[in-house]
Amino acid sequence: MIGTLTASGWLFLIVAFGAIVPIVPTGAAVSGTAALAFHEQPLLIGVVVTAGAAGAYLGDLVMYAMCRFGGEQLARRLRWLRDEEHLNGVKERLRARQVPVLLVSRLIPGGRVPVLLAAAFAGIPWHTFVVANLPACALWSVVYAAIGLAGGSIFGEPWQGVLAAVVLILLINQLVTRLSRRRSPSTSDASG
């Protein structure tokens, strides 16, 4: 039990850090911790989900604040802003449907950062962001914990479930990244 609680505390810190510095595989961290909890103390899976969601929420709030107050100049310096054309499209979608876009962005690998940037640069009000991001982070944590539970239930040893969950998340992220890269040039060609 102490191991799962300690892992959940670390999970909170890792996910919060990963939300601000988007190179940390935070989904894999949630999945791995859920797989570990499944073997050690299944009743604490709710703690894992809560720690993941809370870390994601805090990290998103910090990143949103940095973008709101630091602007595009800070985003460029931190290399968060890479594709301004894509960012303009996200801004338009946000203006049309703020809450649904914020909700879905957390679930799409690589979708959260452009939406956070667009929301900050478009001046989406704080209260809208705070309200929409809470269920988005909770849903995100539940989805990744469920992947970890699947990995934990398939394998007999905790380390096998953790490894399976992490590998699965990394493969999904790579697949989504490649698909979006393939779609980007065709979208640009179609519009040009």
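Residues numbered from 1 in each chain as written. Predicted model: local features only at pLDDT ≥ 70, side-chain atom pairs only at ≥ 80, totals over all residues. Heavy atoms only, no water.

### Quick look at the overall build of the protein chain
At step 1: Of the regular secondary structure elements, the protein chain holds 8 helices and 0 strands.
At step 2: Along its sequence from the N terminus, the protein chain presents helices and strands in the succession α-α-α-α-α-α-α-α.
At step 3: Here the protein chain, with 192 residues, has 41% of them falling under the buried criterion.
At step 4: Counted over contacts in the protein chain with a minimum sequence separation of 6, partners at least 24 positions apart contribute 77%.
At step 5: Accessible surface, the protein chain: about 10,200 Å² in total, of which carbon and sulfur atoms supply 66%. (Helix = DSSP H or I, 4+ residues; strand = E, 2+ residues; numbered from the N terminus. Buried < 20%, exposed > 50% of the residue type's maximum accessible area, 1.4 Å probe, protein only. Contact = heavy atoms within 4.5 Å. Areas by Shrake-Rupley, 256 points an atom, 1.4 Å probe, with all protein chains shown as cover.)

### Overview of empty space enclosed by the protein
The rolling of a water-molecule-sized probe over the atoms marks out the regions of remaining empty space.
At step 1: Tallied over the full model, the rule gives 1 cavity of 30 Å³ or more.
At step 2: Space inside the largest cavity adds up to approximately 50 Å³.
At step 3: What lines the largest cavity is Asp 60, Leu 102, Ser 105, Arg 106, Arg 112, Val 115, Leu 116, Phe 129 and Asn 133.
At step 4: At the level of elements, helix H5 (98–105), helix H6 (112–122) and helix H7 (126–154) are the ones that each hand at least two residues to the lining of the largest cavity.
At step 5: Ranked by residue count, the leading element in the lining of the largest cavity is H6, at 3 residues.
At step 6: Looking at side-chain class alone, the lining of the largest cavity contains 4 nonpolar, 2 polar and 3 charged residues. (1 Å grid on protein atoms, 1.4 Å probe; cavity = no way out; pocket = protein on both sides within 12 Å on 5 of 7 lines; lining within 4 Å. Points joined across faces, edges and corners; volume = space filled by probe spheres on them. Nonpolar A, V, L, I, M, F, W, Y, C, P; charged D, E, K, R; others polar.)

### Thoughts on the nonpolar core
At step 1: The biggest cluster of nonpolar side chains holds 19 residues, and the ones touching the most others in it are Leu 11, Val 15, Val 30, Trp 140 and Tyr 144.
At step 2: Of all elements in the fold, only helix H1 (2–20), helix H2 (26–40), helix H3 (45–77) and H7 reach the threshold of two or more residues within this core.
At step 3: Counting residues in hydrophobic clusters, the runner-up holds 15 residues, among them Val 113, Ala 119, Ala 120 and Ile 124. (Core = buried A, V, L, I, M, F, W, Y, C linked by side-chain atoms within 4.5 Å.)

### Some remarks on the side chain of Ser 31
At step 1: Within the secondary structure, Ser 31 is located in helix H2.
At step 2: Of note is the side chain of Ser 31, whose polar atom sits 2.6 Å from the backbone oxygen of Tyr 144. (Polar contact = N/O pair within 3.5 Å; in protein donor to acceptor, adjacent residues only side chain to side chain.)

### Some points on the packing of aromatic side chains
Each aromatic ring pair is specified by the distance between its two centres and by the angle formed by the two planes.
At step 1: Taken as a whole and assessed by the stated rule, the structure comprises 3 aromatic pairs.
At step 2: Centre to centre, the rings of Trp 140 and Tyr 144 are 5.4 Å apart; their planes meet at 55 degrees, and the pair counts as tilted. Taken together, the positions of Trp 140 and Tyr 144, both in helix H7 and 4 residues apart, correspond to about one turn of that helix.
At step 3: Taken together, the ring pairs in this structure connect Tyr 64, Trp 126 and Phe 129 into an aromatic cluster. (Phe/Tyr/Trp six-rings, centres within 6.5 Å; stacked < 30°, edge-to-face > 60°.)

### Describing the side chain of Ser 141
At step 1: In this structure, Ser 141 sits in helix H7.
At step 2: One polar contact links the side chain of Ser 141 to the main-chain amide nitrogen of Ala 53, over a distance of 3.4 Å.
At step 3: For Ser 141, the residues in contact, after removing those within four places along its chain, are Val 30, Val 48, Val 49, Gly 52 and Ala 53.

### Observations concerning the pattern of salt bridges
At step 1: For the coordinates displayed, the defined rule picks out 2 salt bridges.
At step 2: Residues Asp 60 and Arg 106 are paired through a salt bridge, measuring 2.9 Å at the closest nitrogen-oxygen approach. With Asp 60 in helix H3 and Arg 106 in the loop between H5 and H6, the pair connects residues that are 46 residues apart, well separated along the chain. The pair formed by Asp 60 and Arg 106 is uniform in burial state, with each residue classed as buried.
At step 3: Among the salt bridges present, the one from Arg 112 reaches Asp 60, with a minimum N-O distance of 2.8 Å. Here the residue Arg 112 occupies a position in helix H6, and Asp 60 occupies one in helix H3, the gap between them amounting to 52 residues. Per residue, the accessibility class of Arg 112 equals that of Asp 60, and both read buried.
At step 4: Bridged by salt links that share partners, the residues Asp 60, Arg 106 and Arg 112 form one connected network. (Salt bridge = Lys/Arg side-chain N within 4 Å of Asp/Glu carboxyl O.)

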